[in-house]
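# Structural overview
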Amino acid sequence: MQINRENLEKLLSLNDFQLKMIINRIATEGGIDPAEFNIDPSSIESIRRVLGSATDEDLARIADQFASGKLGKKR
């Protein structure tokens, strides 16, 4: 998944259950145990608020960090 404004809007349009499942999948792919998050409905609302306020610069920085993390795991 590319991290850009269009895909972010798609994520934000998902219902809470779907968004939680996507977050868990991304965490797992990043080597993080989703059970450590303990995501509840108030967490989902906070996540939506933060993601909704992300600037294009924030998204670019996140994409770079995510790509760096994936490259580091392949070595």
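Below is a short write-up of the structure. Owing to the predicted nature of the structure, the values given are computational and were not obtained by experimental measurement.

Cut-offs used in this document
Residues numbered from 1 in each chain as written. Predicted model: local features only at pLDDT ≥ 70, side-chain atom pairs only at ≥ 80, totals over all residues. Heavy atoms only, no water. Helix = DSSP H or I, 4+ residues; strand = E, 2+ residues; numbered from the N terminus. Rg over C-alpha atoms; globule rule 2.2 N^0.38 Å. Contact = heavy atoms within 4.5 Å. Areas by Shrake-Rupley, 256 points an atom, 1.4 Å probe, with all protein chains shown as cover. Lys, Arg positive; Asp, Glu negative; His and termini not counted. Charge placed at Lys NZ, Arg CZ, Asp CG, Glu CD. Axes fitted to C-alpha atoms, helices over the stretch in contact; angles between N-to-C directions. Parallel < 35°, antiparallel > 145°, perpendicular 65-115°, else oblique. Nonpolar A, V, L, I, M, F, W, Y, C, P; charged D, E, K, R; others polar. Buried < 20%, exposed > 50% of the residue type's maximum accessible area, 1.4 Å probe, protein only.

### A look at the overall build of the protein chain
Summing up its helical and strand segments, the protein chain has 4 helices and 0 strands in all. Computed over C-alpha atoms, the radius of gyration of the protein chain comes to 13 Å, within 12% of the 11 Å expected from 2.2 N^0.38 for 75 residues, which places it in the range of a compact globule. In terms of overall dimensions, the protein chain has C-alpha extents of about 35 × 30 × 15 Å along its principal axes. If you take every contact in the protein chain between residues at least 6 apart in sequence, the share linking residues at least 24 apart comes to 69%. Of the roughly 5500 Å² that the protein chain leaves accessible, carbon and sulfur atoms contribute 55%. On the protein chain, the mean spot of the 11 positive side-chain charges and the mean spot of the 12 negative ones are 5 Å from each other.

### Things to note about the packing of helix 2 (residues 16–29) against helix 3 (residues 41–52)
Contact geometry of helix 2 with helix 3 gives a least axis separation of 10 Å together with a crossing angle of 75°. Considering the angle they form, helix 2 stands roughly perpendicular to helix 3. Side by side, helix 2 and helix 3 meet where Asp16, Leu19, Lys20 and Ile23 of the first sit next to Ile44, Ile47 and Arg48 of the second. In the contact of helix 2 with helix 3, the residues fall into 4 nonpolar, no polar and 3 charged.

### Quick word on the side chain of Asn24
You can see Asn24 is positioned in helix 2. When its relative accessible area of 15% is taken as the criterion, Asn24 is described as buried. Filtering out sequence-adjacent residues up to four positions away, Asn24 remains in contact with Pro34 and Ile39.

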